[in-house]
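# Structural characterization, general
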Amino acid sequence: MRLLEGQESARLTEIPINAAGSLDEEVEQVYEETKHSICAYLVYLGVPRPQVQEVTQEVYLRFYQSRRKGQEIQNVRAWLFRVAHNLGSKVRSKERSFR
């Protein structure tokens, strides 16, 4: 299983699916390797800074839930950024509707 493409992929290692706690380890490892990039992307999208951390947590929660259901994610980095984009756009649109 290849977790990430690009620069961050070199730092991630394959985690066997049948290892005890492997899902938690996988999510933690992906989080540690990508959290700064996801946060920076959300700021770039215009998500208000107080909400960036909340949206980031939601991105990784959805990653965990998808992996727990057994969804195979071919390109984790692309998947995370797509979810971040969708959630960030949703938050931004709600912010505009309140103004």
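Residues numbered from 1 in each chain as written. Predicted model: local features only at pLDDT ≥ 70, side-chain atom pairs only at ≥ 80, totals over all residues. Heavy atoms only, no water.

### Describing the overall build of the protein chain
A tally of regular secondary structure across the protein chain gives three helices and zero strands. Put simply, the protein chain runs from its N terminus to its C terminus through helices and strands in the order α-α-α. In the protein chain, buried positions account for 37% of the 99 residues. Within the protein chain, counting contacts between residues at least 6 apart in sequence, those at least 24 apart form 60% of the total. Total accessible area on the protein chain is roughly 6400 Å²; 48% of this is exposed by carbon and sulfur atoms. (Helix = DSSP H or I, 4+ residues; strand = E, 2+ residues; numbered from the N terminus. Buried < 20%, exposed > 50% of the residue type's maximum accessible area, 1.4 Å probe, protein only. Contact = heavy atoms within 4.5 Å. Areas by Shrake-Rupley, 256 points an atom, 1.4 Å probe, with all protein chains shown as cover.)

### What about the environment of Ala 84?
For Ala 84, the location among the structural elements is in helix H3 (residues 76-98). Using a relative accessible area of 0% as the deciding quantity, one classes Ala 84 as buried. Along the primary structure Ala 84 and Thr 56 are separated by 28 residues, whereas in three dimensions their C-alpha atoms are 7.2 Å apart. What Ala 84 contacts, discounting residues up to four positions off in sequence, is Ile 38, Tyr 41, Leu 42, Leu 45 and Val 59.

### As for the pattern of salt bridges
Under the defined criterion, the tally for this structure stands at three salt bridges. One salt bridge connects Arg 67 with Glu 26, and the closest N-O pair in it is separated by 3.0 Å. Residue Arg 67 is found in helix H2 (residues 49-68), and its partner Glu 26 is found in helix H1 (residues 22-45); the two are separated by 41 residues along the sequence. Residue Arg 67 is classed as buried on the basis of its relative accessible area of 11%. (Salt bridge = Lys/Arg side-chain N within 4 Å of Asp/Glu carboxyl O.)

### A word on the packing of aromatic side chains
Applying the stated criterion across every chain, the model contains four aromatic pairs. Summarising the aromatic geometry, the rings of Tyr 41 and Tyr 44 are spaced 6.3 Å apart at their centres and angled 25° between planes, so their arrangement reads as stacked. Of this pair, Tyr 41 and Tyr 44 both sit in helix H1, separated by three residues, roughly a single helical turn. With a centroid separation of 5.3 Å and 65° between ring planes, the pair formed by Tyr 41 and Phe 81 is classed as edge-to-face. (Phe/Tyr/Trp six-rings, centres within 6.5 Å; stacked < 30°, edge-to-face > 60°.)

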